[in-house]
Amino acid sequence: MKSKKLTVKKKQTRITKPADASAVVYIVGEAPMVEEYALLCSGRGYRVLFHCPQMNSGKMPFESKAIQRQSRPPVNTSFALELTNVDLEQKRRNLELLDKVLPATTAIVSSSVTVSATEQASWIKHTYRLVGCGALPTLSGAPLIEIAPTVFSPAETVRIVQTFFRSVGKEIELVQDRIGLVFPRILCQMVNEAAFALQEEIASPQDLDTAMTIGARFPAGPIAWAEKVGLRQVQAVLQALWKDLGDERMRGAPLLRQMALSSSWWKHSQPSSEERHSR
Amino acid sequence: MVKHLGIVGAGAMGAGMAHVAALAGIEVAFYDINGTILRQALERIKTNLMREVAAGTVTQENAAAALERIHARTRLIELNSSEIVLECAIEDIRLKKDLFKHLEADTKPSTILASTTSTLSITAIASATRHPEKVVGLHFIGPIRTARLIEIVRGEETNEETVRRCVEFARFIGNPTVVTGDSPGFLVDRLSQPFFDEPLRIIGEKIADAGQIDRIMKAVGGFPQGPFETMDEAGLDSILATREALFSNFAGEPRFRPHPILKHKVTAGATGRKAGQGFFKYPDEKS
């Protein structure tokens, strides 16, 4: 079995040549991340085929000759990305289809911030081909991505994944396969604490962000970050952490849960203290 | 605009505040019960002003004028012309309550009484006064002379006029502000807590090591420093003290429970860069 995997992985090294027009990356998942990664991969010379189950009709603004919609993964896919964090039933269906249709030689990188990569691998037949990654909306532009090999992942799969991400301008950081990984877990906890503070009405959303950007020199405030990443994504990570660890600390702020359900936030509508106390 | 400021306490914070306010053109009544400490503080202010003159950031004339505006006082009654009195005493609730009671008696009814406390409740301090509506917290983030931000802490009874005048004062001395309720850790310390505690839990669970987490936070999150570098710079003992105060003031809320790794590091003397070792080693720094 091991030698077979080695052989098939060697064949896959062709995807390391971004200029090769035959290299197809298939991306399936939630809208903002699918778009981000489609643009990233096509920008590096890959032909991208994508599928957003939640947006199944109409042309997406980012579609082009190099980025096309296709609901069923093509058999000539060189590399597959599964980017679903919220709807885990859909994620499972996506992975099962990828595993069924794609050649056994094709690696799959799947977002593993709300369900571990090992659990995802257990859903498919070719367990060795799946590796987890830290994917949240707006993080695709970062020069680094967290990669979480599963208990099934051979070193060859990890090497292929590393080669792929290098070809799109990203270094990888190998971390253990746990829900939330590193950055998504820390970020979501920061947003959660801000949500508790808002719930207690101790400050305006703008003042929370000002406190952290000026006072703590954070690159963005927790409210702005939540708006960028999306409340449903944050809530999904927190809920998964709470379920996985059973730790009271991971309990999401009730206000955050409500806002995630309504998919809305304050949008900085409340005046900051500077505005309120200006004459 | 504030023209007369009273400062209580001639420690580093009080001296820094007198320096900043006097340079901004405010007359400062600078109080300490101990005349020797007061004289030493004035000498420090003079030295610091001269350094700024040498560095070219302040003119000789402005430095001299600023020194003229600082008036040493050893009796609280001498702060009676102040529009705001800024208390910079040690973090002792009994001492502060006693001080505020006397300050209220010795100053004008319109004088705002502000505490620079970072851990005590403004509502608790204000409870010693008859007019808690004019008691407020001014928490300076960063060294006082180069503070990045002032958290204006509204006690349960603090009124809008008090907050408005404090915002105006902060702007006048060149600081941005945020207004927060009287909640433990106010905003910056409280909201920074997951940035320190969650990475500690992640290394505790062996998901990634400190170096990896710092690299990820910088490269993925865009943070100028990772959490472990930040803790090493700030001093792990100081970080632990803040975490323990938060945990205690939130009555044992699990989100604020300090991680054992932090305690172990401090107990072992690995308190960060200043000790030559924290989460990372600093062989050249060890004293």
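## A few points about the overall build of chain B
Then step 1. The helix and strand inventory of chain B stands at eleven helices and eight strands.
Then step 2. In terms of overall size, chain B behaves like a compact globule, its C-alpha atoms giving a radius of gyration of 21 Å where 287 residues would be expected to give roughly 19 Å.
Then step 3. Principal-axis analysis of the C-alpha atoms places the extent of chain B at approximately 60 × 45 × 35 Å.
Then step 4. A distance of 2 Å separates the average location of the 35 positive side-chain charges in chain B from that of its 36 negative side-chain charges.

## Topic: the pattern of salt bridges
Then step 1. Applying the stated criterion across every chain yields a total of 25 salt bridges over all chains.
Then step 2. The salt bridge involving B:Glu198 is made with A:Arg185; its shortest N-O contact spans 2.8 Å. One end of the pair, B:Glu198, is in helix α7 (residues 188–204); the other, A:Arg185, is in helix α6 (residues 183–199), on a second chain.
Then step 3. B:Glu198 gets classed as buried once you look at its relative accessible area, which sits at 1%.

## Focus on the interface of chain B and chain A
Then step 1. The interface is formed by 48 residues belonging to chain B together with 48 residues belonging to chain A.
Then step 2. Each partner contributes to the roughly 4400 Å² buried at the junction of chain B and chain A, and carbon and sulfur atoms together form 63% of this total.
Then step 3. Of all residues in chain B, the largest losses of buried area upon contact with chain A belong to B:Leu191, B:Ile207 and B:Arg255, amounting jointly to 16% of the total for that side.
Then step 4. Where A:Glu193 meets B:Arg190, a salt bridge forms, and the shortest distance between an N and an O atom there is 2.8 Å.
Then step 5. Put simply, chain B and chain A have 15 residue pairs in polar contact (both at pLDDT 80 or more) between them.
Then step 6. Residue assignment for the side of chain B that touches chain A shows that the elements contributing at least two residues are β7 (149–154), α6 (160–172), β8 (177–181), α7 and α8 (210–219) of chain B.
Then step 7. In terms of residues, the side of chain B that touches chain A owes the most to one element, α7(B), which gives eleven residues.
Then step 8. A per-class count over the side of chain B that touches chain A returns 26 nonpolar, nine polar and 13 charged.

## With respect to the nonpolar core
Then step 1. One finds A:Val182, A:Phe183, A:Leu208, B:Ile213 and B:Met231 to be the most contacted residues of the largest nonpolar core, which totals 70 residues.
Then step 2. Each of domain 1 (24–174) and domain 2 (183–267) of chain A contributes no fewer than three residues to this core.
Then step 3. One finds B:Leu5, B:Ala66, B:Leu138 and B:Ile173 within the second-largest nonpolar core, a separate group that totals 41 residues.

## Digging into the packing of α6(A) against α7(B)
When two helices pack together, you describe them by how their axes are tilted relative to each other and by the distance separating the axes.
Then step 1. Remark: α6(A) packs on α7(B), axes separated minimally by 9 Å, with the N-to-C direction vectors making an angle of 145°. Once α6(A) is placed against α7(B), the crossing between them reads as right-handed. Contacts from A:Arg185, A:Ile186, A:Gln189, A:Met190, A:Glu193, A:Ala194, A:Phe196 and A:Ala197 in α6(A) reach B:Arg190, B:Leu191, B:Gln193, B:Pro194, B:Phe195, B:Glu198, B:Pro199, B:Arg201 and B:Ile202 in α7(B).
Then step 2. Residue classes in the contact of α6(A) with α7(B) are distributed as ten nonpolar, two polar and five charged.

## Focus on the sheet that holds strand β4 (residues 77–83) of chain A
Residue and element names in this part refer to chain A.
Then step 1. Strands sit in the order β3-β2-β1-β4-β5-β6-β7-β8 across an open sheet of eight strands; the sheet is mixed. Each edge of the sheet is formed by a strand with only one pairing partner; in this case those strands are β3 (67–69) and β8 (171–174). For this sheet the average axis-to-axis angle between neighbouring strands, irrespective of direction, equals 30°.
Then step 2. Relative to strand β5 (residues 107–111), β4 runs parallel, the two sharing four bridges. Bridge pairing in β5 links leucine 81 to valine 109.
Then step 3. Against the sheet, helix α3 (residues 88–101) touches β1 (24–29), β4, β5 and β6 (130–133), its axis set at about 175° to β5.

## Comments concerning the packing of aromatic side chains
Then step 1. Under the criterion given, the structure shown has twelve aromatic pairs over all chains.
Then step 2. The interplanar angle of 15° and the centroid separation of 3.8 Å between the aromatic rings of A:Phe79 and A:Phe164 together place this pair among those described as stacked. Note that A:Phe79 is positioned in strand β4 and A:Phe164 in helix α5 (residues 155–167), a separation of 85 residues in sequence.
Then step 3. Classification of A:Phe79 by relative accessible area gives buried; the value is 0%.
Then step 4. Relative accessible area serves as the criterion here: at 1%, A:Phe164 is assigned to the buried category.
Then step 5. A network of ring pairs unites the aromatic residues A:Phe183, A:Phe218, A:Trp225, B:Phe195, B:Phe196 and B:Phe223 as a single cluster.
Then step 6. A cation over an aromatic ring shows up here: B:Arg255 above the ring of A:Phe196, its NZ or CZ 3.7 Å from the ring centre.

## So, the environment of B:Ser248
All names here are of chain B.
Then step 1. Considering the arrangement of structural elements, one finds serine 248 in helix α10 (residues 236–249).
Then step 2. You can call serine 248 exposed: its relative accessible area is 51%.
Then step 3. When the C-alpha atoms of serine 248 and proline 184 are compared, they prove to be 9.2 Å apart, with 64 residues separating the residues in sequence.

## Describing the environment of A:Gln120
All names here are of chain A.
Then step 1. Of note, glutamine 120 is situated in helix α4 (residues 117–121).
Then step 2. Of the residues examined, glutamine 120 reaches a relative accessible area of 0% and is grouped as buried.
Then step 3. C-alpha of glutamine 120 to C-alpha of serine 64: the two residues are 56 residues apart in sequence and 31 Å apart in space.
Then step 4. Excluding residues within four positions of it along the chain, glutamine 120 makes contact with Lys91, Leu95, Ser110, Ser111, Ser112, Val115 and Leu130.
Then step 5. There is a polar contact of 2.4 Å between the side chain of glutamine 120 and the side chain of serine 110.
Then step 6. One polar contact links the side chain of glutamine 120 to the main-chain carbonyl oxygen of serine 111, over a distance of 3.0 Å.

## A word on the domain arrangement of chain A
All names here are of chain A.
Then step 1. Partitioning chain A into domains gives domain 1 (24–174) and domain 2 (183–267).
Then step 2. Here the C-alpha centre of domain 2 lies 26 Å away from the C-alpha centre of domain 1.
Then step 3. The interface of domain 1 with domain 2 comprises eleven residues on the first partner and ten residues on the second.
Then step 4. In total, domain 1 and domain 2 occlude about 990 Å² of area from one another, counting both sides; carbon and sulfur atoms represent 70% of this.
Then step 5. Three residues, Val86, Thr114 and Leu136, lead the burial of domain 1 against domain 2; their summed loss comes to 43% of the area buried on that side.
Then step 6. Across the domain 1-domain 2 interface, the total number found is three residue pairs in polar contact (both at pLDDT 80 or more).
Then step 7. Grouping the constituent residues of the side of domain 1 that touches domain 2 by class yields six nonpolar, three polar and two charged.

Rules used throughout
- Counting from 1, residues in each chain are numbered in the order their sequence is written.
- As they are written, the chains are lettered A onward and the ligands numbered 1 onward, keeping that order.
- This being a predicted model, a pLDDT of at least 70 is required before a residue's local features are given, and a value of 80 or more before pairs of side-chain atoms are given or counted; all residues contribute to the totals for chains, interfaces and linings.
- Note that the side-chain values use all heavy atoms of the structure and ignore hydrogens as well as water.
- The way it works is that DSSP assigns letters per residue, a run of H or I at least four long becomes a helix, a run of E at least two long becomes a strand, and they are numbered from the N terminus.
- C-alpha atoms define the radius of gyration in this analysis, and the globule rule sets the expected value at 2.2 Å times the number of residues to the power 0.38.
- All tallies of charge rest on Lys and Arg as positive and Asp and Glu as negative; His and the ends of each chain are not included.
- Taken as the charge location is NZ of Lys, CZ of Arg, CG of Asp or CD of Glu.
- Between Lys or Arg on one side and Asp or Glu on the other, a salt bridge is scored when a side-chain nitrogen of the former is within 4 Å of a carboxyl oxygen of the latter.
- Each residue gets one of three labels from its accessible area relative to the maximum for its type: buried under 20%, exposed over 50%, partly exposed in between, using a 1.4 Å probe on protein chains only.
- We call two residues contacting when some pair of their heavy atoms lies within 4.5 Å.
- By buried area we mean the combined loss of accessible area, with a 1.4 Å probe, across both parts when two parts are placed together.
- Pairs of N or O atoms are called polar contacts if they sit within 3.5 Å, as long as, within protein, a hydrogen donor faces a hydrogen acceptor (for residues adjacent in sequence, only side-chain-to-side-chain pairs).
- Three classes are used, and their members are as follows: Ala, Val, Leu, Ile, Met, Phe, Trp, Tyr, Cys and Pro are nonpolar, Asp, Glu, Lys and Arg are charged, and the others, Gly among them, are polar.
- To qualify as a nonpolar core, a set must consist of buried Ala, Val, Leu, Ile, Met, Phe, Trp, Tyr and Cys residues joined through side-chain atoms within 4.5 Å.
- Boundary definitions for the domains trace back to an automatic or database domain assignment.
- Axis angles are defined between N-to-C directions and span 0 to 180 degrees, where every axis is a line fitted to C-alpha atoms and, for a helix, only to the segment in contact.
- Crossings are classed by handedness, with left-handed meaning an anticlockwise turn of the near helix from the far one by less than a right angle and right-handed meaning a clockwise turn.
- Strand pairing requires that DSSP identify at least two bridges connecting the strands.
- Here is the rule: rings of Phe, Tyr and Trp (six-membered ring for Trp) pair when centre to centre is within 6.5 Å. Planes less than 30 degrees apart are stacked, more than 60 are edge-to-face, and the remainder are tilted.
- For a lysine, the NZ atom is tested; for an arginine, the CZ atom; a charge sits over a ring if that atom is within 6 Å of the ring centre and within 35 degrees of the ring normal.

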